[in-house]
Amino acid sequence: VLIQGKAWGGRGPVVGVRLEVEGNGSTCNLEADLGEDLGCWAWRPFQATAELAPGDYAVRSICRLEGEEQPLAAPWNQQGYENNSAHCVHVTVLDR
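Residues numbered from 1 in each chain as written. Predicted model: local features only at pLDDT ≥ 70, side-chain atom pairs only at ≥ 80, totals over all residues. Heavy atoms only, no water.

> Describe a nonpolar patch on the surface, listing the residues and the values that go with them.
Side chains of W8, W41 and W43 sit close together on the surface and give an oily, nonpolar patch of about 410 Å² of accessible area. Counting through the fold element by element, W43 comes out in the loop between β4 (33–34) and β5 (44–49). Residue classification places W43 among the exposed residues on the basis of a relative accessible area of 51%. (Patch = residues over 30% accessible without salt bridge, like charges linked within 9 Å, V, L, I, M, F, W, Y side chains within 5 Å. Areas by Shrake-Rupley, 256 points an atom, 1.4 Å probe, with all protein chains shown as cover. Salt bridge = Lys/Arg side-chain N within 4 Å of Asp/Glu carboxyl O. Helix = DSSP H or I, 4+ residues; strand = E, 2+ residues; numbered from the N terminus. Buried < 20%, exposed > 50% of the residue type's maximum accessible area, 1.4 Å probe, protein only.)

> Go over the pattern of salt bridges, please, and point to the residues and values.
Under the definition given, this model contains seven salt bridges. Where R11 meets E68, a salt bridge forms, and the shortest distance between an N and an O atom there is 2.6 Å. Of the two residues, R11 is situated in the loop between β1 (2–7) and β2 (16–23) and E68 in strand β7 (residues 68–69); the sequence distance between them amounts to 57 residues. When its relative accessible area of 64% is taken as the criterion, R11 is described as exposed. A salt bridge links E20 to R18; its shortest N-O distance comes to 3.5 Å.

> Which residues make up the sheet that holds β1, and what values do they have?
Strands pair in a sheet through their backbones, by hydrogen bonds, and they do so in one of two ways: parallel or antiparallel. Strand order in the open sheet formed by three strands is β1-β5-β4, with antiparallel pairing between adjacent strands. Each edge of the sheet is formed by a strand with only one pairing partner; in this case those strands are β1 and β4. With six bridges joining them, β1 and β5 adopt antiparallel strand pairing. From the neighbouring strand, Q4 faces β5, where its bridge partner is Q47. (Pairing = 2+ DSSP bridges.)

> Give me unusual backbone geometry: which residues, what numbers.
The phi angle of most residues is negative, glycine excepted, and most peptide bonds adopt the trans form. Despite not being glycine, N24 shows a phi value in the positive range, around 55°. Note on placement: N24 falls in the loop between β2 and β3 (26–31). What makes N24 partly exposed here is its relative accessible area of 48%.

> Explain the nonpolar core to me, using residue names and the numbers behind them.
Counting 16 residues, the largest nonpolar core has V17 and L19 as the members making the most contacts within it. Those elements that provide at least two residues to this core are β1, β2, β5 and β6 (55–65). Tallying contributions element by element places β6 first for this core, with four residues. (Core = buried A, V, L, I, M, F, W, Y, C linked by side-chain atoms within 4.5 Å.)

So, in C-alpha cells, the structure goes:
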C-alpha cells in the first residue's frame with residue numbers, strides 16, 4: 001500500500017517523517033522518503049510503501065524538525081490555537 005502526503009513543520013524545515021501504522025493487532029513504524037525541499041516554510045511531500053494484510057488500520061504521519069517531533073496530542077485551549085498534533089487517518093485495506 002502506498003502511503004503519501006505532505007508535511008509542514010511550522011517552525012522550521014521538515015527533516016523527516018515517521019509513519020505509525022496500527023492495525024490487525026500490531027503497530028509498525030516506517031520512515032518515509034521525502035520529496036523535494038522547496039524551502040523552510042513549504043509543505044514537503046513524503047511517501048512510503050507498507051505491506052499490509054486486509055483489515056482496518058490507523059495511520060499517522062509524524063513530522064520531524066531538527067531536534068523535535070510533532071506531538072501526538074495538542075495541549076487543549078479554549079480557542080483551539082497551536083494545534084499542530086499528528087492527525088489519525090483510518091483506512092481499510094481490501095483483499096484483491
